[in-house]
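Structural overview for review
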Amino acid sequence: MLAFSSYSFSQNLLTNPGFESGTSGWTLGGDASAQFTESSGRSGNRLTHWSSSSSYTAETKQTVTGLAAGTYRLSVYTVGGETAGAWLWAYCDGQSFSTPIPSSPWGSWAQVVVDNISVSGGSCELGITTENSEWSSFDDVVFEWVSGGGPGELVIEEATGFCSVDGSVDSNHPGYNGRGFANTDNAAGNGVEWRVQVPAGGSYELEWRYANASDNNRPGNLLINGLSVATVDFPSTGAWETWAVATATIFLDAGENTIRLEAISGEGLGNIDSLSVTGDSPQAIDCGNNSGDCGEGNPDSQFSCSGDPAVCLLGGGVGNYRVTMEFDAGYNGELEVFAESRRRMFTSPQQSTSASRCADFLVDVRDPEGQPWQDQSDRGTSGLNLRIAQGAPALSRLTFSPISSPTTLFIAGDSTVADQRPQLYAQPDARYSGWGQFIPAYFGSAIEVSNYSDSGEGTQAFRTDGGGLWNQINSRLKSGDWVMIQLGHNDKTTSASLYRSRITNMVTAIRNKGANPILITPMIRNTGDPLSGQHVWGDLNIRNELIGVANAQNVPLIDLMELTSEWAGSIGRSAAQTYFVGSDRTHSNEMGAELFSQMIVDEIRRQNIGIIGYLRNP
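Here's a quick rundown of the structure. As the structure is a computational prediction, the values presented were derived from the model and not from experiment.

**Section: the packing of helix α3 (residues 496–512) against helix α4 (residues 542–553)**
The N-to-C vectors of α3 and α4 enclose an angle of 40°; their axes lie 10 Å apart at closest approach. The orientation of α3 with respect to α4, classified from their angle, is oblique. Here α3 runs over α4; the crossing is right-handed. Taking contact as the criterion, the partners of A496, Y499, R500, I503, T504, V507 and R511 in α3 are, on α4, I542, E545, L546, V549 and Q553.

**Description of the packing of aromatic side chains**
Considering all chains together, one arrives at 11 aromatic pairs under this definition. Above the ring of Y77, the side-chain terminus of R42 is found at 3.6 Å from the ring centroid. Sitting over the face of the ring of W537, K492 holds its NZ or CZ atom 5.1 Å from the ring centroid.

**Section: the side chain of T130**
Summarising the element assignment, T130 is placed in strand β10 (residues 122–134). The class for T130 is buried, based on a relative accessible area of 2%. Here H49 takes part through its side chain, which lies 3.0 Å from a polar atom of the side chain of T130. Contact partners of T130, with chain neighbours within four places excluded, come to H49, Y56, T57, A58, G85, A86 and F138.

**Describing α4**
If you check α4, its first and last C-alpha atoms are 16 Å apart, about what 12 residues at 1.5 Å a residue would give, namely 16 Å. Where α4 is concerned, the buried positions are I542, R543, E545, L546, V549, A550 and Q553. Projected down its long axis, α4 shows its buried positions confined to an angular sector of 165°, all on one face. Just beyond α4, the residue with positive phi is N554, at close to 55°.

**Some points on the pairing of strand β19 (residues 227–232)**
Bridge count for strand β18 (residues 220–224) against β19 is 5 bridges, and the pairing is antiparallel. From the neighbouring strand, G220 faces β19, where its bridge partner is V232. In this structure, the hairpin formed by β18 and β19 is closed by a connection of 2 residues, where N225 is found at a positive phi of approximately 55°.

**Quick word on unusual backbone geometry**
Looking along the chain, the bond that leaves D308 and enters P309 is cis, with omega of 5°. In this fold, P309 is placed in the loop between β24 (305–306) and β25 (310–315). Note that the residue after D367, namely P368, is joined by a cis bond; omega there is 5°. Position of P368 among the secondary structure elements: in the loop between β29 (357–365) and β30 (384–390). Phi is positive for F19, which is not a glycine, with a value near 60°. Phi is positive for H535, which is not a glycine, with a value near 55°. Here H535 lies in the loop between β35 (516–520) and β36 (536–537). Residue class for H535 comes out buried when judged on its relative accessible area of 2%.

**Description of helix α5 (residues 560–571)**
The end-to-end C-alpha separation of α5 is 17 Å, in line with the 16 Å expected for 12 residues at 1.5 Å each. The set of residues buried in α5 consists of L560, M561, T564, S565, W567 and A568. Taken end-on, α5 shows its buried residues confined to a sector of 165°, consistent with a single buried face. Residues of α5 that are exposed and angled more than 90 degrees away from the buried face: G569 and S570. On its buried face, α5 is in contact with α1 (435–438), β35, α4, β38 (557–558), α6 (573–577) and α7 (590–607).

**Notes on the sheet that holds strand β32 (residues 408–412)**
With parallel pairing, the 5 strands of this open sheet are ordered in space as β33-β32-β34-β35-β38. Looking along the sheet, the strands with just one partner apiece sit at the ends: β33 (448–451) and β38. When β32 meets strand β34 (residues 482–485), the two strands line up parallel, connected through 4 bridges. Note that in β34 the partner of F410 across the bridge is V483. In the packing of α3 onto the sheet, the strands contacted are β32, β34 and β35, and the crossing angle to β35 comes to about 155°. In the packing of α4 onto the sheet, contacts are made with β35 and β38, and the angle to β35 comes to roughly 150°.

Conventions and cut-offs
Residues numbered from 1 in each chain as written. Predicted model: local features only at pLDDT ≥ 70, side-chain atom pairs only at ≥ 80, totals over all residues. Heavy atoms only, no water. Axes fitted to C-alpha atoms, helices over the stretch in contact; angles between N-to-C directions. Helix = DSSP H or I, 4+ residues; strand = E, 2+ residues; numbered from the N terminus. Parallel < 35°, antiparallel > 145°, perpendicular 65-115°, else oblique. Left-handed = near helix turned anticlockwise from the far one by under 90°. Contact = heavy atoms within 4.5 Å. Phe/Tyr/Trp six-rings, centres within 6.5 Å; stacked < 30°, edge-to-face > 60°. Lys NZ or Arg CZ within 6 Å of the ring centre and 35° of its normal. Buried < 20%, exposed > 50% of the residue type's maximum accessible area, 1.4 Å probe, protein only. Polar contact = N/O pair within 3.5 Å; in protein donor to acceptor, adjacent residues only side chain to side chain. Expected span 1.5 Å × (residues − 1). Arc of directions from axis to C-beta. Pairing = 2+ DSSP bridges.

Note that all results are geometric; they support no functional claim without further evidence.
Here it is as structure tokens:
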């Protein structure tokens with residue numbers, strides 16, 4: 001129920017990778033006078049290695065320390081010059097890794113990559129060496145962790161991974177993060193429990209953010225999978241609004257682990273704001289308690305809703321909101337909740353037993369609330385608004401509160417992905433619906449879905465050198481976020497090289513912010529054309545280009561074009577058309593948007609893409 005922040009370490013580990021501060025952070029060797037920075041880089045400055053003499057060698061390098069064991073990747077962009085000998089290289093743990101740097105024409109930046117750099121821990125020396133070079137330029141050097149025992153931090157608040165507290169979740173002392181803090185009842189044995197999953201057994205560091213206004217230490221017994229492993233001290237912080245940290249280093253087994261902290265004294269524990277787990281790719285696990293406590297809040301706030309289906313006009317302004325809803329145990333039917341411009345946020349099937357149910361999710365309130373460019377004439381309803389399509393009479397509690405900087409899944413796409421207008425006057429099979437409009441219901445409250453897809457747009461609008469829609473995403477994008485990219489329906493006049501460059505630049509820009517890209521091939525048009533003939537415009541074959549970029553950049557790829565082609569082929573073109581609006585062969589209705597979003601989620605699970613940790617349990 002209820003948010004963990006995962007901090008991606010697929011980020012640049014180098015100092016001054018784009019040479020924006022000249023050669024600061026880099027050590028220059030060989031003929032240092034032949035190395036200098038100029039403007040007109042890919043983004044800002046570039047580094048030039050210049051030599052007109054065969055006796056000149058230029059070397060630029062720096063050492064990165066504090067690396068965890070794992071596999072790393074080094075890359076650089078190059079342009080111009082003719083080289084008789086140039087290398088991109090890494091020296092780690094006594095092993096050398098390198099690749100030649102080819103000549104590249106002026107005006108055409110090319111990326112050079114050294115993959116599969118094995119690091120056992122410690123440091124790596126990284127560099128660029130050129131000999132007999134004339135005006136070779138370099139920019140955007142990236143050194144990033146890819147897999148293995150790399151560093152990862154998971155922060156669990158009152159959300160996925162937070163299982164229970166023998167007491168309450170309170171919010172009466174300032175300075176906490178999330179929606180509150182765990183306050184155990186004052187008795188020995190009372191505690192707080194969390195659940196995490198790790199890919200391999202090993203050492204992990206746990207850190208609790210806590211407050212303790214009493215004069216005494218309030219120690220806790222730490223249990224991992226039911227076994228006592230350590231005592232953790234929680235000394236006085238002097239006041240309940242003064243927060244400190246307590247730590248422990250422990251061993252976690254590969255797979256699922258239960259972490260429990262129990263009070264040793266009769267005073268209970270200090271107030272626990274969060275648990276951080278640092279180590280090899282930890283993920284929070286749903287504790288299976290979604291039918292339990294639905295959080296604190298005003299029990300009368302459901303009266304902001306009226307009708308059946310119910311419309312809830314909750315006010316507020318543009319921003320991010322956490323919503324928690326509780327439905328009576330006496331109602332066993334289906335639940336379905338939408339927000340803003342008909343974004344489906346939560347569904348629950350009919351159940352055979354009587355139990356209360358919780359709906360919890362994050363809502364991105366924007367203006368306009370649907371498509372960022374196409375809905376300017378109909379900006380939607382101001383503030384946070386919900387629509388309970390099924391189950392409205394059973395609503396017993398509704399709470400909502402603004403939150404700041406949640407982990408976000410951004411979506412870059414076209415009309416087949418976009419948040420289409422509500423169209424409540426039409427039947428569901430006649431409502432234009434993008435799959436990005438229906439995918440939020442598959443994610444829990446640890447991540448917010450923010451869909452910047454827009455009708456008629458292609459890579460031009462998302463280009464990183466000034467695309468209007470890219471600028472909107474980029475202004476909010478931060479480390480730990482995710483970006484799904486499905487572009488191609490509207491790139492009919494884009495050349496293959498330009499399309500490839502724009503997609504690659506998006507991937508690079510996303511990673512440079514410590515965020516995580518996912519490429520998605522566009523679904524088919526229901527024309528009966530074979531897979532090989534779908535989305536081919538001149539020399540541009542959308543599917544082939546996306547597969548190529550995914551392989552070259554080591555980016556997760558969901559081949560929705562192949563999935564939908566196989567699906568349409570299996571049921572026939574006529575049956576497939578029932579998932580599209582009327583005779584429109586391109587745009588899905590609600591049933592189609594649900595199907596295509598389900599295909600994407602299934603692939604996330606099948607491929608075990610990192611964002612899997614944010615999905616609700618199936």
